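Listed below are the residues making up each chain.
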Amino acid sequence: MSTKALPSGTETDRFANLAGCWADLRLAIELLKAALGIDRGADVDGTVISGLGEAAVMSYARCFNKGRRQHLTEHVVPDDSLPVHRLVLAPATSSPDTPSMGCVPPRV
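Residues numbered from 1 in each chain as written. Predicted model: local features only at pLDDT ≥ 70, side-chain atom pairs only at ≥ 80, totals over all residues. Heavy atoms only, no water.

**Regarding the nonpolar core**
Taken as a class, soluble globular proteins show a tendency for nonpolar side chains to be buried jointly.
Then, number 1: Cys21, Val57, Ala61, Cys63, Phe64, Leu72, Val77, Leu82, Val88 and Leu89 form the largest nonpolar core, which has 10 residues in total.
Then, number 2: Elements supplying a minimum of two residues to this core: helix 2 (46-62) and helix 3 (82-89).
Then, number 3: Per element, the largest residue contribution to this core is three residues, and it comes from helix 3.
Then, number 4: Filtering out sequence-adjacent residues up to four positions away, leucine 72 remains in contact with Leu18, Cys21, Leu25, Cys63 and Phe64.
Then, number 5: Counting six residues, the second-largest nonpolar core is a separate cluster that includes Ala28, Leu31, Ala35 and Ala56. (Core = buried A, V, L, I, M, F, W, Y, C linked by side-chain atoms within 4.5 Å. Buried < 20%, exposed > 50% of the residue type's maximum accessible area, 1.4 Å probe, protein only. Helix = DSSP H or I, 4+ residues; strand = E, 2+ residues; numbered from the N terminus. Contact = heavy atoms within 4.5 Å.)

Listed below in structure tokens is the structure:
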């Protein structure tokens, strides 16, 4: 989505950030749907399913981690989804007592 036609400024930047998060979240959903839709009985390399899952996690994490754009906060995550959300975003350097998907670099 391009925001070039909009006047520059704080509101335009905020809109562009939210539009980018929306696109990343939709991509994560589509990647997970694609992974779930693969016939496991077929001669499919597990790398394809794993790759789709990892790409979905990275796309999701990009919305919540600091980077080039403003990020979402945990406040937008429904309470019943918080445990999974925190598991996905757990740093790869978590302690053995804390489960981690290990796909997101530690926060600085």
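The discussion continues.
**Let's talk about the side chain of asparagine 17**
Then, number 1: In this structure, asparagine 17 sits in helix 1 (residues 10-36).
Then, number 2: Under the relative-accessibility criterion, asparagine 17 is labelled buried at 15%.
Then, number 3: Those residues in contact with asparagine 17, other than ones at most four positions away along the chain, are Arg69 and Gln70.

**Some points on the environment of glycine 37**
Then, number 1: With respect to the secondary-structure elements, glycine 37 resides in the loop between helix 1 and helix 2.
Then, number 2: Sequence-wise, glycine 37 and isoleucine 49 are 12 residues apart; in three dimensions their C-alpha atoms are separated by 9.6 Å.

**Considerations on the layout of surface pockets**
Then, number 1: Put simply, the largest pocket is a space of about 320 Å³.
Then, number 2: Together, 15 residues line the largest pocket, and Leu25, Ala28, Leu32, Tyr60 and Val88 are the ones closest to its centre.
Then, number 3: For the lining of the largest pocket, the secondary structure elements donating two or more residues are helix 1, helix 2 and helix 3.
Then, number 4: Looking at side-chain class alone, the lining of the largest pocket contains 12 nonpolar, three polar and no charged residues. (1 Å grid on protein atoms, 1.4 Å probe; cavity = no way out; pocket = protein on both sides within 12 Å on 5 of 7 lines; lining within 4 Å. Points joined across faces, edges and corners; volume = space filled by probe spheres on them. Nonpolar A, V, L, I, M, F, W, Y, C, P; charged D, E, K, R; others polar.)

**Overview of the packing of helix 2 against helix 3**
The relative placement of two packed helices comes down to the angle between their axes together with the axis-to-axis distance.
Then, number 1: Their axes nearest at 10 Å, the elements helix 2 and helix 3 cross at an angle of 100 degrees. With respect to their mutual orientation, helix 2 and helix 3 come out roughly perpendicular. On the side of helix 2, the interface is formed by Val57, Tyr60 and Ala61, while helix 3 contributes His85, Val88 and Leu89.
Then, number 2: Residue composition of the contact of helix 2 with helix 3, by class: five nonpolar, one polar and no charged. (Axes fitted to C-alpha atoms, helices over the stretch in contact; angles between N-to-C directions. Parallel < 35°, antiparallel > 145°, perpendicular 65-115°, else oblique.)

**Quick look at the state of the cysteines**
Then, number 1: What the rule picks out here adds up to zero disulfides.
Then, number 2: Cysteine cysteine 21 is unpaired, with the sulfur of cysteine 63 as its nearest cysteine sulfur at 4.2 Å.
Then, number 3: Looking at cysteine 21, the relative accessible area reads 2%, which means it is buried. (Disulfide = S-S within 2.5 Å.)

**Some words on the pattern of salt bridges**
Then, number 1: Inspection of the entire model under this criterion finds three salt bridges.
Then, number 2: Across the salt bridge formed by aspartate 24 and arginine 62, the nearest N and O atoms sit 3.0 Å from each other. Residue aspartate 24 is located in helix 1, and its partner arginine 62 is located in helix 2; the two are separated by 38 residues in the primary sequence.
Then, number 3: In this structure, glutamate 74 and arginine 86 form a salt bridge, with 2.8 Å as the shortest nitrogen-oxygen distance. Here glutamate 74, found in the loop between helix 2 and helix 3, pairs with arginine 86, found in helix 3; they are 12 residues apart in sequence, far enough to count as distant.
Then, number 4: According to the relative accessible area criterion, arginine 86 is partly exposed, its value standing at 45%. (Salt bridge = Lys/Arg side-chain N within 4 Å of Asp/Glu carboxyl O.)

By themselves, these observations are geometric and do not establish any function.
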